[in-house]
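Overview (structure and organization)
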Amino acid sequence: AGLAVAAARAVRPAARRQRAEPAGYRQVLRDRAFTGLALLNVIMCLFDSILLVAMPLWIATHTKAPLPLTGLLFTLNTLLAVLLQVRASRAVTAPGGIARSYRIAAASFVLACGAFALAASEPAAAATVLLIVALVALTSAELVTSASEWFVSVNLTPARLRERYLSLFKTSMAVQQAVGPLLVD
């Protein structure tokens, strides 16, 4: 195998390419609107850390709700995601849909946090109802944010730099996954 590689002729390009405009990450970072959306996405994706880290800990340590409720809330989240994701995605693609979707996600996020906070001071039955409200609102934020994230990261980027734009945007979720649990603890 080594002799075959050594005997092979070097492959040369057929013609010299003209010097293209640089297409690095600097150009992507100069797109302030897109970079701003990527930073906003770090905050909007906190639904992930709230759902997976904060919610179970909050139920166990700050509420009088029954502990098995955590598993039921995860099930409800999954069912809502399956049933409503397409509808949430359609809303994003409508005219003005991205801005409206991010506003809905932000309002849902605030409602969820408020309901989680109120559940701490209520008896078990009321806490359970508030936790269900919080989960439904958090799932709304999750669905709308996810749909908006995909639409923005794919459809609002120049085709020739799409992979670089996608990597910047997807880094926002990675940042949230690294820092989010510390923020919601």
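As the structure is a prediction and not an experimental result, all values here were calculated from the model.

Calculation rules
- Residues numbered from 1 in each chain as written.
- Predicted model: local features only at pLDDT ≥ 70, side-chain atom pairs only at ≥ 80, totals over all residues.
- Heavy atoms only, no water.
- Helix = DSSP H or I, 4+ residues; strand = E, 2+ residues; numbered from the N terminus.
- Buried < 20%, exposed > 50% of the residue type's maximum accessible area, 1.4 Å probe, protein only.
- Contact = heavy atoms within 4.5 Å.
- Areas by Shrake-Rupley, 256 points an atom, 1.4 Å probe, with all protein chains shown as cover.
- pLDDT = per-residue confidence, 0-100.
- 1 Å grid on protein atoms, 1.4 Å probe; cavity = no way out; pocket = protein on both sides within 12 Å on 5 of 7 lines; lining within 4 Å.
- Points joined across faces, edges and corners; volume = space filled by probe spheres on them.
- Nonpolar A, V, L, I, M, F, W, Y, C, P; charged D, E, K, R; others polar.
- Core = buried A, V, L, I, M, F, W, Y, C linked by side-chain atoms within 4.5 Å.
- Expected span 1.5 Å × (residues − 1).
- Bend = angle between axes of the 7 residues up to and from the residue.

What to know about the overall build of the protein chain
Each helix and strand counted, the protein chain has eight helices and zero strands in total. Secondary structure elements in the protein chain, listed N-terminal to C-terminal, are α-α-α-α-α-α-α-α. Put simply, the protein chain has 185 residues, and 35% of those count as buried. Taking contacts inside the protein chain between residues at least 6 apart in sequence as the whole, the part at least 24 apart equals 77%. A total of about 11,300 Å² of accessible surface is found on the protein chain, and carbon and sulfur atoms cover 67% of it.

Considering the confidence of the model for the protein chain
Mean pLDDT over the protein chain stands at 84; residues scoring 70 or higher make up 88%. Mean pLDDT values for the elements of the protein chain range from 44 in helix α1 (residues 2-7) up to 93 in helix α4 (residues 46-62). Within the model, pLDDT remains below 50 along residues 1-8, and this stretch shows zero contacts once partners closer than five positions in the same chain are excluded. Across residues 10-14 the pLDDT falls below 50, and counting only partners more than four positions away or on other chains, this stretch makes zero contacts in the model.

As for the layout of surface pockets
To find leftover empty space, one rolls a probe the size of a water molecule over the atoms. By volume, the largest pocket is sized at about 150 Å³. Around the largest pocket sit I50, A54, M55, W58, C113, F116, A117 and V184, which together line it. Listed by contribution, the elements that provide at least two residues to the lining of the largest pocket are α4 and α6 (97-119). With four residues, the top contributor of residues to the lining of the largest pocket is α4. Among the residues forming the lining of the largest pocket, the class breakdown is eight nonpolar, no polar and no charged.

Brief notes about the side chain of T128
With respect to the helices, strands and loops of the structure, T128 is situated in helix α7 (residues 124-155). Contacts of T128, omitting those with residues within four sequence positions, involve A65, P66 and L69.

Observations concerning the nonpolar core
Within the largest apolar cluster, 24 residues are counted, with the highest numbers of intra-cluster contacts made by M55, L73, F116, L131 and L138. For this core, the secondary structure elements donating two or more residues are α4, α5 (69-93), α6 and α7. Counting residues per element, this core draws most heavily on α7, which supplies seven residues. If sequence neighbours within four positions are ignored, L73 has contacts with M55, I59, L131, I132 and L135. Of all hydrophobic cores here, the second largest spans 15 residues; its members include V28, F34, V152 and L161.

Here's the deal with α6
End to end, α6 covers 32 Å across 23 residues, agreeing with the expected 33 Å (1.5 Å per residue, within 8%). Among the residues of α6, those classed as buried are G97, I98, S101, Y102, A105, S108, F109, A112, A115, F116 and A119.

Overview of α5
Helical geometry note: an α-helix holds 3.6 residues per turn, so side chains three or four residues apart project in the same direction. Between its terminal C-alpha atoms α5 stretches 35 Å, which fits the 36 Å expected from 25 residues at 1.5 Å a residue. Along its length, α5 reaches its greatest deviation from straightness, about 50°, at L84. Listed as buried for α5 are L69, T70, L73, N77, L80, A88 and V92. If you follow the buried residues of α5, they end up packed against α4, α6 and α7.

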